Each structure stands twice: as structure tokens, then as C-alpha cells.
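Results of the structural survey
Here's the letter readout for the chains.
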Amino acid sequence: MTGPTLKIAKRSKMPPFMAMDVMRLAAELDAQGHDIVHLEVGQPSSSAPKPVMDALIDSMGQQKSRGYAVALGIIELRQRIAEHYQEWYQIDLDSERVAVTVGSSTGFAISFMSAFDVGDRIAIPNPGYPAYRNLMLGMGLEPVILPAGAEEGWMPRLQDMENWDRLPDGLMIASPHNPTGVVIPDVELKEICEWCDKNGVRLISDEIYHGLSYTGRCETALKYTDNAIIINSLSKYFSMTGWRIGWMILPEQLISAAEKLAQNLYISAPTPNQIASVKAFDCSDELDQHVERYQENRQVLLSGLPSEFLGNAAPCDGAFYIYADISALSDDSIAFAKELLDQTGVATTPGVDFDPINGHRFLRLSFAGSTATMHEAVKRINEFVEAYKKDAA
Ligand SMILES: Cc1ncc(COP(=O)(O)O)c(C=O)c1O
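Sequence order sets the numbering: in each chain, residues are counted from 1 along the sequence as written. Two thresholds apply to this predicted model, a pLDDT of at least 70 for residue-level local features and 80 or more for giving and counting side-chain atom pairs, whereas whole-chain, interface and lining totals are computed over all residues. Neither water nor hydrogens contribute to the side-chain values; these are computed over all heavy atoms in the structure.

**Section: the sheet that holds strand 12 (residues 362–366)**
Think of it this way: DSSP has to see at least two bridges between two strands before they count as a pair. Only DSSP runs of H or I covering at least 4 residues are called helices, and only runs of E covering at least 2 are called strands; the numbering of each starts at the N terminus. Judged by pairing direction, the sheet is antiparallel, and its 3 strands sit side by side in the order 9-12-11 without closing on themselves. Only two strands of the sheet have a single partner each, and these edge strands are strand 9 (321–325) and strand 11 (349–350). With 5 bridges joining them, strand 9 and strand 12 adopt antiparallel strand pairing. When the sheet's bridge partners are listed, tyrosine 323 is paired in strand 12 with arginine 364.

**Some points on the site of the ligand**
In this text, near means that some heavy atom of the residue lies within 4 Å of the molecule or strand in question. In the vicinity of the ligand there are 14 residues, among which Ser104, Ser105, Asn178, Asp206 and Ser235 approach most closely. In protein, a polar contact requires one atom able to donate a hydrogen and another able to accept it; more generally it is a pair of N or O atoms within 3.5 Å, and residues adjacent in sequence count only if both atoms are side-chain atoms. Between an oxygen atom of the ligand and a side-chain N or O atom of serine 105, the distance comes to 2.6 Å. Between the ligand and asparagine 178, the relevant distance is 2.7 Å, taken from an oxygen atom to a side-chain nitrogen or oxygen of the residue. Using the Shrake-Rupley algorithm and a 1.4 Å probe, accessible areas are obtained, with residue cover drawn only from the displayed protein chains. Compared with its free state, where it exposes 400 Å², the ligand has 92% of that area covered by protein. In this analysis the probe radius is 1.4 Å and the grid spacing 1 Å, with only protein atoms considered; a cavity is a set of points the probe fits into but cannot get out of, a pocket is an open set with protein on both sides within 12 Å along at least five of seven lines, and lining residues have an atom within 4 Å of a point. Cavities and pockets are treated as containing a molecule whenever more than half of the molecule's atoms lie within 2 Å of their grid points. Judged by the fraction of its atoms near the pocket grid, the ligand is located in the largest pocket. Broken down by element, the shell around the ligand gets its largest block of residues, 4 residues, from helix 4 (residues 103–115). Of the residues belonging to the shell around the ligand, the class tally is 5 nonpolar, 6 polar and 3 charged. By the convention adopted, Pro, Cys, Tyr, Trp, Phe, Met, Ile, Leu, Val and Ala count as nonpolar, Lys, Arg, Asp and Glu as charged, and the other residues, Gly among them, as polar.

**Brief notes about the layout of surface pockets**
Grid points are joined across faces, edges and corners, and a volume is the space filled by probe spheres set on the points. The volume enclosed by the largest pocket comes to roughly 560 Å³. If you trace the largest pocket, you find 31 residues lining it, with Gly42, Tyr129, Asn178, Lys236 and Tyr321 closest to the centre. For the lining of the largest pocket, a count of residues per class yields 15 nonpolar, 11 polar and 5 charged. The calculated volume of the second largest pocket comes to roughly 230 Å³. In this structure, the second largest pocket is lined by 18 residues; those nearest its centre are Gly149, Ala150, Glu152, Asp355 and Asn358. Of all the elements in the fold, those that place two or more residues in the lining of the second largest pocket are strand 4 (142–147) and strand 9. The residue makeup of the lining of the second largest pocket, split by class, is 9 nonpolar, 4 polar and 5 charged. Taken domain by domain, the makeup of the lining of the second largest pocket includes at least three residues from each of domain 1 (13–42 + 284–392) and domain 2 (50–282). Bear in mind that the domain bounds are from an automatic or database domain assignment.

**A word on helix 13 (residues 371–392)**
The end-to-end C-alpha separation of helix 13 is 31 Å, in line with the 32 Å expected for 22 residues at 1.5 Å each. Among all positions of helix 13, only Thr371, Met374, Ala377, Val378, Arg380, Ile381, Phe384, Val385 and Tyr388 are buried. In this structure, the buried side of helix 13 is in contact with strand 1 (37–38), helix 10 (284–304), helix 11 (307–310), helix 12 (333–344), strand 10 (346–347) and strand 12. By this rule, a helix spans an expected 1.5 Å times one less than how many residues it contains. Classification of residues uses two cut-offs on accessible area relative to the type maximum, computed with a 1.4 Å probe and protein chains only: under 20% is buried, over 50% is exposed, and between them is partly exposed. For this analysis, residues touch if any pair of their heavy atoms sits within 4.5 Å.

**Let's talk about the nonpolar core**
Counting residues in each nonpolar core, the largest one holds 125 residues, and the members touching the most others are Leu171 and Phe309. It is helix 13 that provides the largest number of residues to this core, a total of 7 residues. A domain split of this core shows at least three residues from each of domain 1 (13–42 + 284–392) and domain 2 (50–282). Among all residues touching phenylalanine 309, those that are not within four sequence positions of it are Ala324, Asp325, Ile326, Leu329, Phe336, Leu340, Leu363, Leu365, Ile381 and Val385. Each nonpolar core is a collection of buried residues, namely Ala, Val, Leu, Ile, Met, Phe, Trp, Tyr and Cys, held together in the definition by side-chain atoms within 4.5 Å.

**Things to note about the packing of helix 12 against helix 13**
Between N-to-C directions, angles span 0 to 180 degrees; the directions come from axes that are lines fitted to C-alpha atoms, helices contributing only their stretch in contact. Where helix 12 contacts helix 13, the two axes come as close as 11 Å, and the packing angle between them is 115°. Viewed along their axes, helix 12 and helix 13 adopt a mutual orientation that is roughly perpendicular. When the axes of helix 12 and helix 13 are compared, the crossing they make is right-handed. Note on element contacts: helix 13 touches helix 12 through Arg380, Ile381, Phe384 and Tyr388, opposite Phe336, Glu339, Leu340, Gln343 and Thr344. Partitioning the contact of helix 12 with helix 13 into residue classes produces 5 nonpolar, 2 polar and 2 charged. Relative orientations are named as follows: roughly parallel for angles under 35 degrees, roughly antiparallel for angles over 145 degrees, roughly perpendicular for angles from 65 to 115 degrees, and oblique for any other angle. Less than a right angle of anticlockwise turn of the near helix away from the far helix marks a crossing as left-handed, whereas a clockwise turn marks it as right-handed.

**Focus on the domain arrangement of the protein chain**
Partitioning the protein chain into domains gives domain 1 (13–42 + 284–392) and domain 2 (50–282). With both sides pooled, the region where domain 1 packs onto domain 2 buries about 2700 Å², and carbon together with sulfur makes up 61% of that total. For domain 1, the biggest contributors to the area lost against domain 2 are Leu287, Asp317 and Phe354; these three give 21% of the whole. Any Lys or Arg side-chain nitrogen found within 4 Å of a carboxyl oxygen on Asp or Glu counts as a salt bridge. Run the count over domain 1 and domain 2 and you get 0 salt bridges. Linking domain 1 with domain 2 are 13 residue pairs in polar contact (both at pLDDT 80 or more). Once two parts are put together, the accessible area they lose, assessed with a 1.4 Å probe and summed over both, is termed the buried area.

As C-alpha cells, this is what we get:
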């Protein structure tokens, strides 16, 4: 094709999702009928709770489900989310501060655009969820790596930011964490909130894996500060990834900005899904059964996988991930994941997308699948590691 060379924005040059190669390969092998054991998927295999699905069907006949909703979400859902904070965290929350979003992913976009200006610096723990960094780059913000790997005890450390030439404008945290499953203990969460308030640093707390913790409940940053933006969604504990319903709890000064951004970005989250989602918060009996399965799956992997494969894994106290340190076997996680997939049909996610510095030594294993899948994974990985060690000897 001929014609003028048109400009492509520098901001759109995000790093590629390198682990996609392995995931694409796993999907292709699956489609060809191979028996693939999926440890790469970061989402529940279970459906939405039954009462939510019934409510969706009911909502179809209702006039109010047909059109757009108001940008910050239908009032019934905002109020039910506010009640959820009372039930889970004993916090009195004004539903005016709740904004319903299209998954938590648009919550990030709205938070970054409402709280920061182009050029602002936001500290992000490394390893971490790649979309934070990529979205920030796309918005002209500067993500600043805050080391939070094995050497830092898998935690973001406040003293590291104090040693920087200047403090960041924002700090992003996620607990339980993706990819490590690490939970920030309550005392440290409080310290982080207080430090951010004292230093004028805007905290964004991604709490999407709340409800999925195996060593005690997680506290919300909202307990310790009203200045943080809290991000959450129905995707993980609530088992409703495809419904694209998330929410933010906003500091009062940001409500109006967030409303305008939501109006302009997506008008509203899908209305029928909002109506049905009100029911999700009354389904803990069904949802807690999934958590029991994750707990069992976690145990199957932790007790059954060879020590060389788990290595110095992060303490996976929450979410549904183990961040395995494979450095005793390989220092190229992409090649290792491909070989593992080729030879055993076990699909995992190389750490490189979560950590551009040390991710070549790690694999993320998701235990969101069935318990039978975890047993099969343990069997195949043990055989693979035995053969791998013999080959290397
Ligand atoms: C830490 C974290 N935050 C946010 C998301 C995005 O979730 P949502 O489906 O709510 O957009 C994910 C998805 O895997 C995640 O791991």
C-alpha cells in the first residue's frame, strides 16, 4: 500500500505480552485434541452463582435493563456494595463513594486519569500485574519499579521509596497479589496507608483477590485511609470474570472527575449485568465452596511438586497463584515453559511479563482449576523434572 507515512503514537508502544506465546500454543494444542493441563489461566473455571444467573434472566424482561445506566452505576448495586463493606470489613460506607466500572480494568484507567497528570511518577511493586505498567505508559505516566521480590521478602518497602531522589506521586499495591499470591499483613497495610497520607502520595489499592485468602481475612486499605482509591471486581472470588463488573471506592474529591471520565469512556457498565450482580453479594455459601477447592488445590501443588520446581516460591497466602522459582532448573522461563508444555502438556505462565528483571527465573502456576487437574499436574511435573535432571547430569 502506498501513501503518506502516518504517525503512530509513541504512547501505544507497550511491551508485548510475551507469555501469550505459551498460552497460544496451549490453546492450539488443546484445539488439536491434546490432553492439556491448564495452570496458566488466571480465572475461575466455575460459573457465576446460580441466583445471579437467574436474576440476569429475570432482568431481560424488565424495562430498566434495556438502556444505559447512569455512569457511576445503578443505585441498588452501589448500595449493595456499600453494605458489603459493612459485612466484610465493618466499615460504614456512603454509597455515593462507590463507582461501578467495567471490570476493575477500567477502574485503573479512571483512577490514573483522575488522580495523576502526564509525567507523574507512580511506584509499582515488581513483580506485578503487567496492565498497571502498560496502562500507565499509555497514559504518559511514569511507572517506577519498586522492588518486591524474594530479597525484599516479597513486599513493597516504604524505606526504598524514601531513598529515592523524590517521592512518587502515587503508589499502587495489590494484596493478595498477582503473580505471587502474597498478602500484605494488616499491620503493614496500615503503615503503608499512613505513610502515603503523611507524604501526600496517592495510594491505589487493588483488592480484586479479596475473599481468596488461606491464612486469615484481608483488610481493606479503606479501613486506614479515606484518600486511597480502592479497586475491586466480581471477577475472582465472585467467579464472574466475563460479566465485566468491577467497582472503585473513591475519595470524595475524586467522585465528580471519575463520573465524567466514566461517562466519556464507556457511558455505563452493562445494565442487565449490574441488575443481576446485586445478588452476588448474597452467595457466599456457593462461593466459599470454590475457595475451599482452591485451598485444597494449593495444598496439592505445594506438597506434591518437586522442591527444585517450587524453589524459593513466594508465600502464596492468597489469590490462586504460586510463583515458582525454577532457577535450580533453568534461567529461561519462556523456554522452560515451552519445553514443559511440549513434553507434558502442562501449561504455565513464564514470569517475564510480571517482572522484566527477574521473571526469567519464575513460572506462575494457577490453581483456579479442578483438584483433579492439580493432581495430574503434580504427576506430570514430577516425571518431567526427574527426566530433566537426568538429562542435565
Ligand atoms: C491483580 C489484578 N487486577 C485486576 C485484574 C483485572 O480484572 P477485571 O476482570 O476485574 O478487569 C486482574 C486480572 O487477572 C488481576 O490479576
